[in-house]
Amino acid sequence: MAILEVLHYPDPGLRKKAVSVETVDESCRILAKDMLQTMYENNGIGLASTQVNVQKRLVVIDLSEDKNEAIYLINPEILTSEGTGESQEGCLSVPEYYDTVMRAERITYRYQDLEGKVIESEADGLLSVCIQHEIDHLDGKLFIDYLSPMKRRRLRKKLEKQEKQEKQEKQEKNQAKIL
Ligand code: GNR
Ligand code: NI
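The text that follows walks through the structure, step by step, so that each part is easy to find.

Reading guide: rules and limits
- Residues numbered from 1 in each chain as written.
- Chains lettered and ligands numbered in written order.
- Predicted model: local features only at pLDDT ≥ 70, side-chain atom pairs only at ≥ 80, totals over all residues.
- Heavy atoms only, no water.
- Donors = N, O, S within 2.8 Å, 3.2 Å for Na, K, Ca; no water.
- Helix = DSSP H or I, 4+ residues; strand = E, 2+ residues; numbered from the N terminus.
- Buried < 20%, exposed > 50% of the residue type's maximum accessible area, 1.4 Å probe, protein only.
- Near = heavy atom within 4 Å.
- Polar contact = N/O pair within 3.5 Å; in protein donor to acceptor, adjacent residues only side chain to side chain.
- Areas by Shrake-Rupley, 256 points an atom, 1.4 Å probe, with all protein chains shown as cover.
- Nonpolar A, V, L, I, M, F, W, Y, C, P; charged D, E, K, R; others polar.

## Observations regarding the coordination of the nickel ion (ligand 2)
- The protein atoms that coordinate the nickel ion (ligand 2) are Cys91 (SG), His133 (NE2) and His137 (NE2), at distances of 2.1 to 2.3 Å.
- On the primary sequence, the residues serving as donors to the nickel ion (ligand 2) are separated as C-x41-H-x3-H. Taken as a pair, Cys91 in strand E3 (residues 71-91) and His137 in helix H2 (residues 125-138) lie far apart in primary sequence, 46 residues in all.
- With relative accessibility at 1%, the residue His137 sits in the buried group.

So, in C-alpha cells, the structure goes:
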C-alpha cells in the first residue's frame, strides 16, 4: 500500500474530468486501497481519484469513527435528488478552509463496487453531502466553486502565498544541506 500525494487548489489537475472505469480489475482495487490509506492518513472522510491526480471515476468514503467502514464507489452517479440544505464543508485539496454551501438533502445513486457489481442505494445527511462533494471532484469541480467570486479570489491569493512560502522553505532547507 502507498500514501499518495493530494493535489491542492489551485493545481490545474483538480480541474480535469475523470473518465469511467471500463473494467473493475486488480489495478483498480490497488488504487482504491491506496486512496483509502491516503484518506485515513489525512483524516478525511472521502477522497476522489482526481485529488491524487488520477483521472478515473473512483471514490472512497468512510464516515465511521474507527475508520473501519470503507465504502468504494466506482463510476458513481446521482440518479435523483430531493430538497436542499446548508452543508458545512472542508476539502483535503483546500487545506484549512471551511465554509457553508448548498447541497441536495436526499439522493439516490448508482455505482459499482470493487467486484464490478452495480448497486443502487439512497443517502441523506453526511453521506449524501459527501457523495455529492466527491462526484463534483470527478467532474473537476470544488466546493469553493459555489462561493462568491470575491471569497474565492481571496482564498486563492492566501493559498498561493502559503504555497510559495512552503516552496521557499523547502529550497532553503535543501540549500543548507548542500553547503
Ligand atoms: O474530509 C472531508 N470532510 C468533508 C466534510 C464535509 C463535506 C465534505 C467533506 S469531504 C472531505 C474530504 C475531501 O476533500 N474529499 O474530497
Ligand atoms: Ni474534497
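## What to know about the site of ligand 1
- Close to ligand 1 lie 13 residues, the nearest being Ile45, Gln51, Leu92, Glu134 and His137.
- Contact distances for ligand 1 include 2.8 Å between an oxygen atom and a side-chain N or O atom of Gln51.
- At 2.7 Å, a side-chain N or O of Glu134 approaches a nitrogen atom of ligand 1.
- In isolation ligand 1 has 380 Å² of accessible area, and contact with the protein removes 90% of it.
- Elements represented by at least two residues in the shell around ligand 1 include exactly E3 and H2.
- For the shell around ligand 1, a count of residues per class yields 4 nonpolar, 7 polar and 2 charged.

Honestly, that's just the spatial picture; any functional story needs more than this.
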